[in-house]
Amino acid sequence: NAGVTQTPKFQVLKTGQSMTLQCAQDMNHEYMSWYRQDPGMGLRLIHYSVGAGITDQGEVPNGYNVSRSTTEDFPLRLLSAAPSQTSVYFCASSYNSNNSPLHFGNGTRLTVT
Amino acid sequence: GESVGLHLPTLSVQEGDNSIINCAYSNSASDYFIWYKQESGKGPQFIIDIRSNMDKRQGQRVTVLLNKTVKHLSLQIAATQPGDSAVYFCAEKENTDKLIFGTGTRLQVFP
């Protein structure tokens, strides 16, 4: 199994541009989530999904959209990037949302200028 | 709101010594706790978890202790090795779908 795969690894955007961060898992996990990691603030939950067709907001959802059309994929969309969205983004998945440990990808480092 | 925090931002230990990383949580309704290790440039890696109906759980060289009375979680690493150098995060989950992370403790291991 490849586990959780995130693409791209690095991205630079200009303010106002849009892009999609890709996340795929091959473990047949029902639960998937997106976190952002900023210095001194740990990991903060952006959006999550408990299964295909279901998404919900986390701690810091503003400025981000998600969809879950398949079990495997959970893309994160930035419709109009802002410098405040400069961060490292991690996608994670788990078997379900009931006390199963999350498995993380290796992250996407995004810089918005 | 509820939060998860850590007592020590940086912990320095001698190789071979035992390490103890502490975490305080404020949500008394949390029923599941996890420790993660994050090395530079990588995503967090699962170390060990514990449910609220337990107060201790052991893995390979690691032990997690949960004290619900004072809402305290600790990770003990036996015979710390240079490869243990990383940032360690505790995370908690109430009976919801959200896993909330603390801010992290950096463990530095010196030869």
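Description of the structure in this document. (Residues numbered from 1 in each chain as written. Chains lettered and ligands numbered in written order. Predicted model: local features only at pLDDT ≥ 70, side-chain atom pairs only at ≥ 80, totals over all residues. Heavy atoms only, no water.)

### A word on the overall build of chain B
Our working rule: Only DSSP runs of H or I with at least four residues qualify as helices, and only runs of E with at least two residues qualify as strands; both kinds are numbered from the N terminus onward. We compute the radius of gyration from the C-alpha atoms alone; for a globule the expected value is 2.2 Å times N to the 0.38, where N is the number of residues. Throughout, exposure labels follow a simple rule: accessible area from a 1.4 Å probe, protein chains only, divided by the maximum for the residue type, with under 20% read as buried, over 50% as exposed, and the rest as partly exposed. Should any heavy atoms of two residues lie within 4.5 Å, those residues are considered in contact. For accessible areas, the Shrake-Rupley method is used with a probe of radius 1.4 Å. Any residue's cover is judged against the shown protein chains and nothing else.
When helices and strands are counted, chain B shows zero helices and 11 strands. Each helix and strand of chain B, placed in order from N terminus to C terminus, yields the pattern β-β-β-β-β-β-β-β-β-β-β. Its C-alpha radius of gyration of 13 Å places chain B within 12% of the 13 Å reference for a compact globule of 111 residues. Dimensions along the principal axes, computed over C-alpha positions, put chain B at roughly 40 × 25 × 20 Å. When each of the 111 residues of chain B is scored for burial, the buried share is 42%. Contacts in chain B between residues at least 24 apart in sequence constitute 53% of all its contacts with a sequence separation of at least 6. Split by element, the accessible area of chain B, about 5500 Å² in all, is 45% carbon and sulfur.

### Comments concerning the interface of chain A and chain B
How big an interface is tends to be reported as the loss of accessible area on association of its parts. So the rule is basically this: What makes a salt bridge here is a side-chain nitrogen of Lys or Arg within 4 Å of a carboxyl oxygen of Asp or Glu, nothing more. Within 3.5 Å is the distance limit for a polar contact, defined as a pair of N or O atoms, with the added protein rule that one can donate a hydrogen and the other accept it, and that residues adjacent in sequence qualify only through two side-chain atoms. We call Asp, Glu, Lys and Arg charged. Ala, Val, Leu, Ile, Met, Phe, Trp, Tyr, Cys and Pro are nonpolar, and the rest, Gly among them, are polar.
With 22 residues of chain A at the contact, the number on the chain B side is 22 residues. Inspection of the chain A/chain B interface yields zero salt bridges. On inspection of chain A and its partner chain B, the count reaches four residue pairs in polar contact (both at pLDDT 80 or more). Those elements that provide at least two residues to the side of chain A that touches chain B are strand S4 (31–38) and strand S5 (42–51) of chain A. In terms of residue count, S5(A) provides more of the side of chain A that touches chain B than any other element does, five residues in total. Considering only residue class, the side of chain A that touches chain B consists of 11 nonpolar, 10 polar and one charged.

### Some words on the state of the cysteines
The test is simple: Only a pair of cysteine sulfur atoms within 2.5 Å qualifies as a disulfide here.
Overall, the coordinates contain two disulfides over all chains when judged by the stated rule. Between the sulfur atoms of Cys23(A) and its disulfide mate Cys91(A) the distance is 1.9 Å. Disulfide Cys23(A)-Cys91(A): the torsion about the S-S bond is -75°, which places it as left-handed. With Cys23(A) in strand S3 (residues 19–25) and Cys91(A) in strand S9 (residues 87–94), the pair connects residues that are 68 residues apart, well separated along the chain. Sulfur-sulfur distance for the disulfide between Cys23(B) and Cys90(B) comes to 1.9 Å. Its S-S torsion of approximately 55° makes the covalent link between Cys23(B) and Cys90(B) right-handed. Linking Cys23(B) in strand S3 (residues 19–25) with Cys90(B) in strand S9 (residues 86–93), this pair joins segments that are 67 residues apart in sequence.

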